[in-house]
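Structural overview for review
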Amino acid sequence: MRRVALVLFASLLLIPSIVTAQEIISLQLTVDPTGYVRVDELVALDNYSVINSIPPLLSDKIDALTVLDENGEPLFYNINGTSLEIVGNATLANITYYTASITSKSGEVWTVSLTSDVPR
């Protein structure tokens, strides 16, 4: 019994990961005069994985989400709060969405406030 469990465990180590976390290559924010922010992310995907888990989105309140591969073709995705999982076989994902939850206005001045792990 112990031998079967050991063989099963060893074989599981050889199977590639089904879900992997990916790295954001670039992040661009464009603030609209209405306070909406257009977010453009370019993310490197692991094309050996079935599902790629993207670093958290900047907000859980987003509009007009599009996820395209390196050829401009749409990718399947699942979103849950700020978590985004991309399904498919691609090497890059171009992610675009709009959010107003990271801006605030005082008088005539809009302020953008966010926390991100993306290097400058």
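That block above? That's the structure.
Residues numbered from 1 in each chain as written. Predicted model: local features only at pLDDT ≥ 70, side-chain atom pairs only at ≥ 80, totals over all residues. Heavy atoms only, no water.

**Some points on a nonpolar patch on the surface**
Residues Leu29, Val31, Val112 and Leu114 make up a contiguous nonpolar surface patch of roughly 260 Å² in combined accessible area. Counting through the fold element by element, Val112 comes out in strand S10 (residues 109-112). Among the residues examined, Val112 registers a relative accessible area of 35% and is labelled partly exposed. (Patch = residues over 30% accessible without salt bridge, like charges linked within 9 Å, V, L, I, M, F, W, Y side chains within 5 Å. Areas by Shrake-Rupley, 256 points an atom, 1.4 Å probe, with all protein chains shown as cover. Salt bridge = Lys/Arg side-chain N within 4 Å of Asp/Glu carboxyl O. Helix = DSSP H or I, 4+ residues; strand = E, 2+ residues; numbered from the N terminus. Buried < 20%, exposed > 50% of the residue type's maximum accessible area, 1.4 Å probe, protein only.)

**Section: the side chain of Thr96**
With respect to the helices and strands, the residue Thr96 is situated in strand S8 (residues 92-99). A distance of 2.9 Å separates the side chain of Thr96 from the side chain of Asp40, its partner in a polar contact. When neighbours within four sequence positions are excluded, Thr96 is seen to be in contact with Arg38, Val39, Asp40, Ala64, Leu65 and Thr66. (Polar contact = N/O pair within 3.5 Å; in protein donor to acceptor, adjacent residues only side chain to side chain. Contact = heavy atoms within 4.5 Å.)

**So, the pattern of salt bridges**
Taken as a whole and judged by the stated rule, the model has one salt bridge. Arg38 is the salt-bridge partner of Asp40, the closest N and O atoms lying 2.9 Å from each other. By relative accessible area, Arg38 is classed as partly exposed at 33%.

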